[in-house]
Amino acid sequence: MKRSASRCETGDASTGPQPRSRSGRSAFWLGMRDSLMLPAWVVGLSVLGIGSLAHDVGHPAGAAMLSTLLIWASPAQVILYGGLAAGAALPALAVVICLSSIRFLPMTISLLPLLRRPGQGLALQLLIAHYIAITVWTESLRRLPAMPAEERLAYYFGFANTTIGVSALLTGLGYYLAGTVPTPLGAGLIFLTPVFFTMTLSAGARTVADWSAILLGFALAPVFTGLIGRDFDLLATGLVGGTAAYLIGRRQRGAR
Amino acid sequence: MTDLAALAGPLWPYLVVVLVGFLPTEIWRMLGVVLARGLDDRSEILVWVRAVATTLLAGVVAKLLIAPSEPLALVPLAGRLGSVLVGLLAFFALRRSVIAGVICGEIALIAITALVVR
């Protein structure tokens with residue numbers, strides 16, 4: 001997933017915030033293309049299994065696809081359909097899903113300032129935030145800072161809409177493939193989420209702080225699961241590990 | 001809840017997605033929008049927030065590997081962790097290529113699953 005080379009053409013034509021400008025349109029297509037180069041397909045394949053989980057609990061294909069469009073967080077979707085299959089109480093399930101999704105708070109806070117434009121309303125910002133998930137987040141943090149501020153939003157919407165659209169379609173495909181996938185392949189599909197998260201995080205890591213955060217998160221999560229249980233372990237991991245990684249990074253920057 | 005299910009009829013699965021799945025996850029994104037207001041994209045606090053987010057994502061990876069759902073759970077933990085390592089080795093060997101890492105990790109895992117699960 002290299003930075004695309006053909007971006008220079010979208011230079012000066014418009015500086016205003018209007019999204020239909022020429023530069024905005026080509027930035028949209030560029031985002032779409034970058035997504036179709038790989039990310040959309042990997043995320044799409046990783047939610048293929050969500051379709052079959054929904055199938056197993058007797059829900060319609062449309063609901064499975066809607067879960068990808070609305071929830072847009074495969075761990076939460078797995079918890080939802082896994083919980084329904086196990087007969088979990090819905091309010092309890094909602095709480096577990098909520099606690100498992102805390103990552104979206106710091107992810108949103110750190111991405112939104114990059115996409116902010118003068119005069120942007122709350123509704124548009126909520127829409128921007130809805131697309132935030134691992135792939136969209138890491139790719140945006142990696143690519144947007146080098147882009148002119150007025151092109152970023154169009155690029156973002158191109159990338160994010162393509163990724164979520166392909167994923168929703170493949171969720172539907174997975175629904176109809178339910179039960180036909182051999183075990184090794186089924187295991188491989190579930191494995192896609194963690195292995196792709198690992199590669200995406202590694203590709204986005206540049207500083208000592210980034211690597212510290214990855215290692216600390218990986219090492220601390222099971223420790224906190226053992227110490228305080230499966231509900232608040234991620235919260236503790238993020239606060240303790242993230243703060244430690246930040247301090248490590250600050251010392252590093254100070255030393256230079 | 002069961003009354004609600006009867007009332008919603010065929011729309012119940014969609015309602016479940018919205019109430020039990022969408023709202024509990026979206027609330028964090030919404031809260032993020034509110035808290036991000038007025039933050040400059042170069043402010044120091046964002047460096048910390050980003051470190052917390054990265055740590056959380058790595059934590060999610062660890063949890064998905066340690067306690068996975070069904071077909072993947074049939075593979076021993078060492079096989080799951082080993083496959084991620086294979087992927088990471090390929091990632092670094094091939095100049096930080098995400099696709100190489102994903103493919104090699106997947107090949108390792110599928111091969112292990114085919115050997116272990118009968």
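Remember, it's a predicted structure, so these values are computed and weren't measured experimentally.

Here's the deal with the overall build of chain A
And step 1. Assigned secondary structure in chain A consists of 13 helices and zero strands.
And step 2. Across chain A, helices and strands are ordered from the amino to the carboxyl terminus as α-α-α-α-α-α-α-α-α-α-α-α-α.
And step 3. Over its C-alpha atoms, taken along the principal directions, chain A stretches across nearly 55 × 45 × 35 Å.
And step 4. Within chain A, the proportion of its 256 residues that are buried is 53%.
And step 5. Long-range pairs, those at least 24 residues apart, make up 77% of the contacts in chain A with a sequence separation of at least 6.

Here's the deal with the overall build of chain B
And step 1. Scanning chain B for helices and strands turns up six helices and zero strands.
And step 2. Of the regular secondary structure in chain B, the N- to C-terminal order runs α-α-α-α-α-α.
And step 3. Rg of the C-alpha trace for chain B: 21 Å, well past the compact-globule value of 13 Å for 118 residues, more than 25% over.
And step 4. Seen through its C-alpha atoms, chain B measures out along the principal axes to roughly 50 × 50 × 20 Å.
And step 5. Counting every position in chain B, which comprises 118 residues, the buried fraction comes to 47%.
And step 6. In chain B, of all internal contacts separated by at least 6 residues, the share reaching a separation of at least 24 is 32%.

As for the domain arrangement of chain A
Residue and element names in this part refer to chain A.
And step 1. Along its sequence, chain A is carved into domain 1 (23-204) and domain 2 (205-256).
And step 2. Relative placement of domain 1 and domain 2: their C-alpha centres are 23 Å apart.
And step 3. Facing the seven residues of domain 1 at the interface are seven residues of domain 2.
And step 4. Residues belonging to the side of domain 1 that touches domain 2 are distributed by class as follows: four nonpolar, three polar and no charged.

Description of the packing of helix H11 (residues 183-204) of chain A against helix H5 (residues 77-93) of chain B
And step 1. Orientation of H11(A) relative to H5(B), taken along the N-to-C sense of each, is 35°, at an axis distance of 10 Å. Crossing of H11(A) over H5(B) shows right-handed handedness. Contacts between H11(A) and H5(B) pair A:Phe191, A:Pro194, A:Val195, A:Thr198, A:Met199 and A:Ser202 from the former with B:Ser83, B:Val84, B:Gly87, B:Leu88 and B:Phe91 from the latter.
And step 2. Split into classes, the residues belonging to the contact of H11(A) with H5(B) amount to seven nonpolar, four polar and no charged.

Points about helix H4 (residues 61-70) of chain A
And step 1. Judged by how many residues are buried, H4(A) sits mostly within the fold: seven of ten residues are covered.
And step 2. Every buried residue of H4(A) is listed here: A:Ala63, A:Ala64, A:Met65, A:Leu66, A:Ser67, A:Thr68 and A:Leu70.
And step 3. Contact partners of the buried residues in H4(A): helix H3 (48-56), helix H5 (74-85) and helix H10 (149-177) of chain A together with helix H2 (12-36) of chain B.
And step 4. Phi turns positive, to about 50°, at A:Trp72, one or two residues after H4(A).

Comments concerning the interface of chain B and chain A
A common way to express how large an interface is: the accessible area buried when the components associate.
And step 1. The partner chain A presents 81 residues to the 67 residues of chain B that form the contact.
And step 2. Here the side of chain B that touches chain A is built from residues that sort into 47 nonpolar, twelve polar and eight charged.

Some thoughts on the nonpolar core
The tendency in soluble globular proteins is for nonpolar side chains to be buried side by side.
And step 1. If you look at the biggest cluster of nonpolar residues, it comprises 114 residues, and the most contacted ones within it are A:Leu80, A:Leu112, A:Ile132, A:Tyr155, B:Leu57, B:Ala58 and B:Val61.
And step 2. At 14 residues, helix H3 (residues 44-66) of chain B tops the list of elements feeding residues into this core.
And step 3. For this core, the domains that each give at least three residues are domain 1 (23-204) and domain 2 (205-256) of chain A.
And step 4. Look past the residues within four positions of A:Leu112 in its chain and what remains in contact with it is A:Gln125, A:Ile128, A:Ala129, B:Gly32, B:Val33 and B:Ala36.

Points about the environment of A:Phe232
And step 1. Mapped onto the elements of the fold, A:Phe232 is located in the loop between helix H12 (208-228) and helix H13 (233-255).
And step 2. Distance in space between the C-alpha atoms of A:Phe232 and A:Ile134 is 20 Å, their sequence separation being 98 residues.

Quick notes on the rules
Residues numbered from 1 in each chain as written. Chains lettered and ligands numbered in written order. Predicted model: local features only at pLDDT ≥ 70, side-chain atom pairs only at ≥ 80, totals over all residues. Helix = DSSP H or I, 4+ residues; strand = E, 2+ residues; numbered from the N terminus. Buried ≥ 20, exposed ≤ 12 C-beta atoms within 10 Å, placed from the backbone. Contact = placed C-beta atoms within 7 Å. Rg over C-alpha atoms; globule rule 2.2 N^0.38 Å. Domains from an automatic or database assignment. Nonpolar A, V, L, I, M, F, W, Y, C, P; charged D, E, K, R; others polar. Axes fitted to C-alpha atoms, helices over the stretch in contact; angles between N-to-C directions. Left-handed = near helix turned anticlockwise from the far one by under 90°. Core = buried A, V, L, I, M, F, W, Y, C linked by C-beta atoms within 7 Å.

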